[in-house]
Amino acid sequence: MTDAASQRPVEAARVFLVGTTFAGATGVDGRLTLRGIPAAEYTVRVLRVGYTEQTKRVPIAAGQTANIEFTMATAAINLAAVVTTATGETRRVETGNATANIDASKVLQSAPVSNLSDLLNSRAPGVTVTSGSQTGTGSRIRVRGSNSVSLSNEPIWIIDGIRMTSTNADFNTATGSGGTTGGNNASRVGDLNPEEIESIEIVKGPSAATLYGTDAANGVILVTTKKGRAGAARWNVYGEGGALTDRNYYPDAYSLFAKSGTSTTSSRTNGCSLQSLGTGVCTADSTVSLNIFNEKDLTPIGTGVRRQMGAQVSGGTEAVRYFFSAEDEKETGVLSLPQFERDRFDSAGLVLRPWTSHPNVMARKSLRMNLNSAINPKLDLAVATNFINIAQRYSLESNATAGLGSHLFGGPGTRSNGTVSGLGTPLNGYRAWTPGYMWQEKTNQDVNRFLWSANANWRPLSWLVNRATVGNDYTARSDENLLLNGEGPPLTATTRLGARGINRVNTNNLTVDLGSTASYSLSNFALKTTVGAQYIGFRTAGASTGSTQLAPGSQIVGSGAIASVSEATTTQKTFGVFIEQALNVGDRLFLTAAVRSDQNSAFGTKFKSILYPKASASYLISQEDWWKAPSFVNTVRLRYAYGQSGVQPGPNDANRFFTASNTNINSTDQPAVIQSALGNDNLKPERSAEQETGFEVGMFNSRLNLDATYYSKITKDALISAVLPPSYGIVTSQLRNLGSVKNAGVEVAINAQLLQGDKLGWDINLSGSANDNKVVSLGDNPPQVGTTSRIVAGYPISGLWARPITSYEDKNGDGLLTYWADNAKNEVFVGDSAIFRGYAAPRYSVTLGSGWDFFTRKLRVSTLWDYRGGNKWYNNTERIRCTRPNCSGRLNTSAELIDQATNIAANEHPARTLDGYFQPGAFVRLRELSVQYTMSPELASKLTRAKSLSVVFTGRNLFLSTKYRGTDPESGFNTTSGTEAPNEFQTVGPPSYFIFRVNVGY
């Protein structure tokens, strides 16, 4: 295979003998040898990303070798020619559902990607990613909306054919001020090294995920890691370094000095507010403000540091190919001990430990070995192994009272606010204690993880291929906290006596996947029949131990006066079988039908198994002889798909279980058991059924491609916590399959090569999506009502509800809004009952990626812009600031009326509505900017004796435009908690990255 323009070999081209099981990929020399082919005439098809598809007819005689050459013409737009399905690789044009493919190896050459969430974010329509702000924390991923009221809405992950552990909220300790971080926690998805990934495919819904079975209704993310190709060893060495900065907006804290009643003394602690000024109860003296973030000696925000270096080598022969990778990475977040605290530690002779100086650090080491071997013409083997070691620590934040958020956002608007209780340290504007105390507690997590998979493809006959994949994802995790005696904040009377907690968890995720595909022809039809079976075994076992009131100087659990221990084991098993029939009519109409049957250990004992059917059609209508279209239209493909998939209940949801207790009988304590859960023998998985239709159009010599999709998905048998009558005793609810949820939406993607020349090139990727989410039914249960969000039939899952602020007016012109019971005098009006106020998460998104090439493609400038909207974001930070109080709307005499109305409605009006804190969540963000320069081979050789050399400067999270009145409408303290109503709560915003990278190839 050679490039038509450069005459250079084309590697990694996929070569297929149509109608047989013979296939392979070209090596670095552009060559591939297929052996053992029976004598006949064949159609050879060649596919490669970035090139147009080509086919040739080739006769092969018995005992002879046939040589065939292809000259590959480049395609203006790079679209994946081959996609991965549950039955193996398939041409993109043969699938009836939309596929999203991310060329990870290409993205990583120039994009500022530090984790897998960055790699996914804003690169596929219909996929929404929201990340935690601390280094090393996880993310929230939603594919085509949320399906479940009670279960997880996260997609499942498959890497190199095996199920991958991808849980969020993976952190917990037995003791400590938080027990968790108080905010976002680690995610096992974040353990993976993006540099080792070749591509990512996103299977968006049940119409495509049927054959992945129970638990796949939320989507499937398929990760394919890099593999070696035949040829001499090729080295890729890379290194990057840079800085993290916080460029976010943070609100000022205020204090109001006023005289109360007849007092002649002005004070900031007498309870006076704008409301009491308006009613005449208080007389204002002055307002003072302080923004700790802007004070160089006070701010806990510094400059973070990131470094990464790695090496990869690949090569081999046609018989054995290899890929090896090693990487070391470290990132220190922006949280840093303020200068005034460093001065205090220094003057007092206190030990400044690393976790106190910089509480948020992640260090990752990754080793990978992938081997592929052609044992003989009929048998191929592949082995993929990956070892990951991670050491990371976090700051207690947001909802941890001992942590940063409560005291950073909760202090008054003055440095002169007293001292830390019982310790005499000046607070300097912090609420109750300063970072030096809260960060004396170390909160860290260590992970050792080993993933392996082995795959065999056996072709006993030219028309039959058997495949077997087996593998395991093993994770050993240790969550720890340590607070030495005499250190930490005065949270309780005993907190400073110390605490030590260790939580060790081992997780195994075993996959066995077997399949057999027969390819054959009947008349003018080409058919494929596939049967398969799959087993997934998940087991996690943990033991937690801890103690408080440690002996002075000690840091072991055994030295504590009060001990606590616990253990837990979870097991879940799935076994499924499936059959799929594919029909190819004239290489232009492709029909597929399949069904899968699953059994799962989480099902109720009276519910044995479930069937998931699917059907799809793909029609290359532009290939028909009768097709007529304008000359600028090159190809048109129509798609339709229907399928079902499910989400299994929690491992113990169907079980009845009891807990041990004590009871007093005749003044004597007696052991007892209490029924904790009623269980449900009839419990079933939630079942989602989706219809998807769409089309693809290639225009202007394939320089522009339009892909449009409409989907409608309904989830039935949704698990609802049914309210039980009092006769059931202490158990008040039971999970039952009662509800239904609907998602419908559109996805559009436009890929265009607007300019294509040696001196200047310009390409764009424009995509957008819209989702409409609605709870159809809750069965016979009443709406589920929370403080801010509700689950109500006819409205989205966890929509925001409140009594609305209907109007406000400064009637007397004093610049202050005041609540009066008398409507004639009242200046803030609130509706009589709670109504739906908006979606809690974005429902619309538009992404624009642009790339400009200069100087014969040596210089490339890329940008990625992102819009999200159609929702409100709960500014829970401002809500709690107004109750401290220190917010502008309550204490600042120059506050905007909207802030005053928000505070009055929440804290003075009898409605006590939070409506004003539900703020516009729409934003436009410059998510990425990169400048890449690729040296000529001659210059690369001269500078580094390398074959290739490129340098890249990248930035991430560089610009934000929004009407949201808080820090950032993507900043959520509970992003990884599984909630459908994330909100900002005393949360430090996401940092900006500025990275310089060097790529060297040998």
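Residues numbered from 1 in each chain as written. Predicted model: local features only at pLDDT ≥ 70, side-chain atom pairs only at ≥ 80, totals over all residues. Heavy atoms only, no water.

Taking an unreviewed UniProt entry as the reference, the protein is identified by name as SusC/RagA family TonB-linked outer membrane protein belonging to Gemmatimonas groenlandica. In its Subcellular location (unreviewed entry) section, UniProt records this for the protein: "Cell outer membrane". You can read under Sequence similarities (unreviewed entry) in the UniProt record for the protein the words "Belongs to the TonB-dependent receptor family." (UniProt positions renumbered as here; feature names shortened; annotations may be inferred.)

Caption draft 1: Layout of the state of the cysteines. Under the counting rule described, the total for this entry stands at two disulfides. Residue Cys-272 pairs covalently with Cys-282 via a disulfide, S to S 2.1 Å. Taking the sign of the torsion about the S-S bond as the criterion, the disulfide between Cys-272 and Cys-282, at about -80°, is left-handed. Here the residue Cys-272 occupies a position in the loop between β17 (253-260) and α4 (274-279), and Cys-282 occupies one in strand β18 (residues 282-290), the gap between them amounting to 10 residues. Each member of the pair Cys-272 and Cys-282 is classed as buried. Two residues share a disulfide in this structure: Cys-882 and Cys-887, whose sulfurs sit 2.0 Å from each other. (Disulfide = S-S within 2.5 Å. Helix = DSSP H or I, 4+ residues; strand = E, 2+ residues; numbered from the N terminus. Buried < 20%, exposed > 50% of the residue type's maximum accessible area, 1.4 Å probe, protein only.)

Caption draft 2: View of the sheet that holds strand β14 (residues 197-203). Ordered in space as β9-β14-β15-β12-β13, the five strands form an open sheet in which the pairing is mixed. Each edge of the sheet is formed by a strand with only one pairing partner; in this case those strands are β9 (100-102) and β13 (162-164). The sheet shows a mean angle of 25° between the axes of neighbouring strands, direction not considered. Bridging between strand β12 (residues 156-159) and strand β15 (residues 220-225) involves four bridges; their strand directions are parallel. Bridged to Ile-158 within β15 is Leu-222. (Pairing = 2+ DSSP bridges. Axes fitted to C-alpha atoms, helices over the stretch in contact; angles between N-to-C directions.)

Caption draft 3: Broad picture of unusual backbone geometry. The linkage connecting Arg-884 with the following residue, Pro-885, adopts the cis geometry, with an omega of -5°. Residue placement: Pro-885 occurs in the loop between α9 (876-881) and α10 (888-891). One non-glycine residue with positive phi stands out, namely Asn-666, at about 55°. With respect to the secondary-structure elements, Asn-666 resides in the loop between β31 (657-665) and β32 (668-677). Among the residues examined, Asn-666 registers a relative accessible area of 73% and is labelled exposed. In this model, Ser-667 sits at a positive phi of 65°, which is unusual for a non-glycine residue. Here Ser-667 is to be found in the loop between β31 and β32. By relative accessible area, which is 70% here, Ser-667 ends up exposed.

Caption draft 4: Layout of the sheet that holds strand β5 (residues 54-60). Across the sheet, which stays open at both edges, the four strands sit in the order β3-β2-β4-β5 with antiparallel pairing between neighbours. Each end of this open sheet is capped by a strand with a single partner; those strands are β3 (23-25) and β5. Here the average twist between neighbouring strands, direction ignored, is 20°. Here strand β2 (residues 14-17) pairs with β3 via three bridges, running antiparallel. What sits directly across from Phe-16, in β3, is Ala-23.

Caption draft 5: Highlighting the UniProt feature "domain: TonB-dependent receptor-like beta-barrel" (unreviewed entry) in the protein. In the numbering used here, UniProt assigns the feature "domain: TonB-dependent receptor-like beta-barrel" (unreviewed entry) to residues 413-877. Within residues 413-877, the helical portion is 1% and the strand portion 62%, while the C-alpha atoms at the span's ends are 16 Å from each other.

Caption draft 6: Broad picture of helix α11 (residues 897-907). Counting buried positions over the 11 residues of α11 gives nine, a clear majority of the element. Along α11, the residues classified as buried are Asp-899, Gln-900, Ala-901, Thr-902, Asn-903, Ile-904, Ala-905, Ala-906 and Asn-907. On the buried face of α11, the contacting elements are α4, β40 (805-808), β41 (828-830) and α10. (Contact = heavy atoms within 4.5 Å.)

Caption draft 7: Representation of empty space enclosed by the protein in the model. For the structure shown, the criterion picks out 11 cavities of 30 Å³ or more. The computed volume of the largest cavity comes to approximately 580 Å³. Lining the largest cavity are 38 residues, with Asn-115, Asp-118, Ser-131, Gly-132 and Tyr-993 sitting closest to its centre. Considering only residue class, the lining of the largest cavity consists of nine nonpolar, 20 polar and nine charged. By volume, the second largest cavity is sized at about 340 Å³. Lining the second largest cavity are 26 residues, with Gly-145, Asn-771, Ala-841, Pro-842 and Arg-843 sitting closest to its centre. Looking at the lining of the second largest cavity, the elements with two or more residues in it are β10 (127-131), β11 (139-143), β36 (760-777) and β43 (844-854). Sort the elements by how many residues they give to the lining of the second largest cavity and β36 lands first, with four residues. Considered class by class, the residues forming the lining of the second largest cavity number 10 nonpolar, 10 polar and six charged. (1 Å grid on protein atoms, 1.4 Å probe; cavity = no way out; pocket = protein on both sides within 12 Å on 5 of 7 lines; lining within 4 Å. Points joined across faces, edges and corners; volume = space filled by probe spheres on them. Nonpolar A, V, L, I, M, F, W, Y, C, P; charged D, E, K, R; others polar.)

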